[in-house]
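# A structural walkthrough
Here is what each chain is made of, one letter per residue.
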Amino acid sequence: ESGRVKIRAELGVSDERILLLSVGELNENKNHEAVIRAISGMKNITYVIVGNGELRDKLETTSAECGVDCRLVGFRTDVADFYDAADVYILPSIREGLNVSLMEAMASGLPCLVGKIRGNVDLVDESGGYLFNPSSVEEIRSAVQKAVNMTTEERQEQGNHNLKTIRLFDLQTVENVASEIYRGV
């Protein structure tokens, strides 16, 4: 919670606004531009992207053209505070493996909006967020609208589901499974 207060104060984002968060490099694969286009015209949303990359100028231009409150905060060492500050996490990538930032968002108890791609579908189900076709701005928009229209309690319920799910991937659990496989149990 201290991260929520700190980051929202730093960015000048009130508690009444939905803070939509992405963590990842600013490149074509991460597909941030699709989110910016999807939330164009939506009220009360601030989209924050933690990360650097070659598309920074393009994303700033697209945000301005679309009238989207998008904050590109660059590389940060206090990413955990951004998860605390966020209401919803979005991972619009076109291609991923098992994404670490998604696992961090889940471990932070956030509802997650993710592209229906390899890796993401292994982690997130409809009880923990919404899956969408990352090539479809309309599907991304629909997922964001659903998340924005949820009550705080509903978002918290999805976040708690994600927290429970991600515990299946914690270090001790993985070590135990690996040990059992090794021992032939």
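Here the structure is shown first, and the text comes after it.
This write-up is about the structure you can find in this document. Computed from a prediction, not measured in an experiment: that's the story for all the values here.

### With respect to the overall build of the chain
Regarding its fold elements, the chain presents nine helices and six strands. For the chain, the C-alpha radius of gyration of 16 Å lies close to 16 Å, the compact-globule estimate for 185 residues. Seen through its principal axes, the chain has C-alpha atoms that stretch 60 × 30 × 30 Å. Classification of the 185 residues of the chain by burial places 50% in the buried group. In the chain, once contacts between residues fewer than 6 apart in sequence are set aside, the share between residues at least 24 apart is 65%. Carbon and sulfur atoms make up 50% of the accessible area of the chain, which amounts to about 9,300 Å² in all. Taking the average location of the 20 positive side-chain charges in the chain and that of its 29 negative ones, the two points are 2 Å from each other.

### Some remarks on helix α3 (residues 56–66)
Taken together, the buried positions of α3 are L59, T62, S63 and C66. Buried residues of α3, viewed axially, fall in a sector of 100 degrees; they line one side. Opposite the packed face of α3, turned more than 90 degrees from it, sit the exposed residues D57, A64 and E65. Looking one or two residues past α3, G67 carries a phi angle of roughly 70 degrees, positive in sign.

### Quick word on unusual backbone geometry
Non-glycine residue N31 carries a positive phi angle of around 65 degrees. Topologically, N31 is positioned in the loop between β1 (18–23) and α2 (32–38).

### Overview of the environment of S135
Position of S135 relative to the elements: it lies in the loop between β6 (129–132) and α7 (137–149). Sequence-wise, S135 and I94 are 41 residues apart; in three dimensions their C-alpha atoms are separated by 7.3 Å.

### Looking at the packing of helix α5 (residues 100–107) against helix α8 (residues 152–166)
Two numbers describe a pair of packed helices, the interaxial angle and the distance between the axes. Put simply, α5 and α8 touch, their axes get as near as 7 Å, and they point 120 degrees apart. Residues M103, M106 and A107 of α5 pack against G159, N162, L163, T165 and I166 of α8.

### Some remarks on the sheet that holds strand β3 (residues 69–74)
Read across the open sheet, the six strands follow the order β3-β2-β1-β4-β5-β6; overall the sheet is parallel. Both outer strands of the open sheet, β3 and β6, are each paired with one neighbouring strand and no more. Averaged over all neighbouring strand pairs, the angle between strand axes comes to 20 degrees, with direction disregarded. Where β1 and strand β4 (residues 88–91) come together, two bridges link them in parallel fashion. Directly across from L21, in β4, lies its bridge partner Y89.

### Focus: the nonpolar core
In terms of nonpolar packing, the biggest core is built from 28 residues, with L20, I39, Y47, I90, L113, I140 and V144 touching the most fellow members. Looking at this core, the elements with two or more residues in it are β1, α2, β2 (45–50), α3, β3, β4, β6 and α7. Excluding residues within four positions of it along the chain, I39 makes contact with L20, I45, Y47, V68, R141 and V144.

What counts as what
- Residues numbered from 1 in each chain as written.
- Predicted model: local features only at pLDDT ≥ 70, side-chain atom pairs only at ≥ 80, totals over all residues.
- Heavy atoms only, no water.
- Helix = DSSP H or I, 4+ residues; strand = E, 2+ residues; numbered from the N terminus.
- Rg over C-alpha atoms; globule rule 2.2 N^0.38 Å.
- Buried < 20%, exposed > 50% of the residue type's maximum accessible area, 1.4 Å probe, protein only.
- Contact = heavy atoms within 4.5 Å.
- Areas by Shrake-Rupley, 256 points an atom, 1.4 Å probe, with all protein chains shown as cover.
- Lys, Arg positive; Asp, Glu negative; His and termini not counted.
- Charge placed at Lys NZ, Arg CZ, Asp CG, Glu CD.
- Arc of directions from axis to C-beta.
- Axes fitted to C-alpha atoms, helices over the stretch in contact; angles between N-to-C directions.
- Pairing = 2+ DSSP bridges.
- Core = buried A, V, L, I, M, F, W, Y, C linked by side-chain atoms within 4.5 Å.

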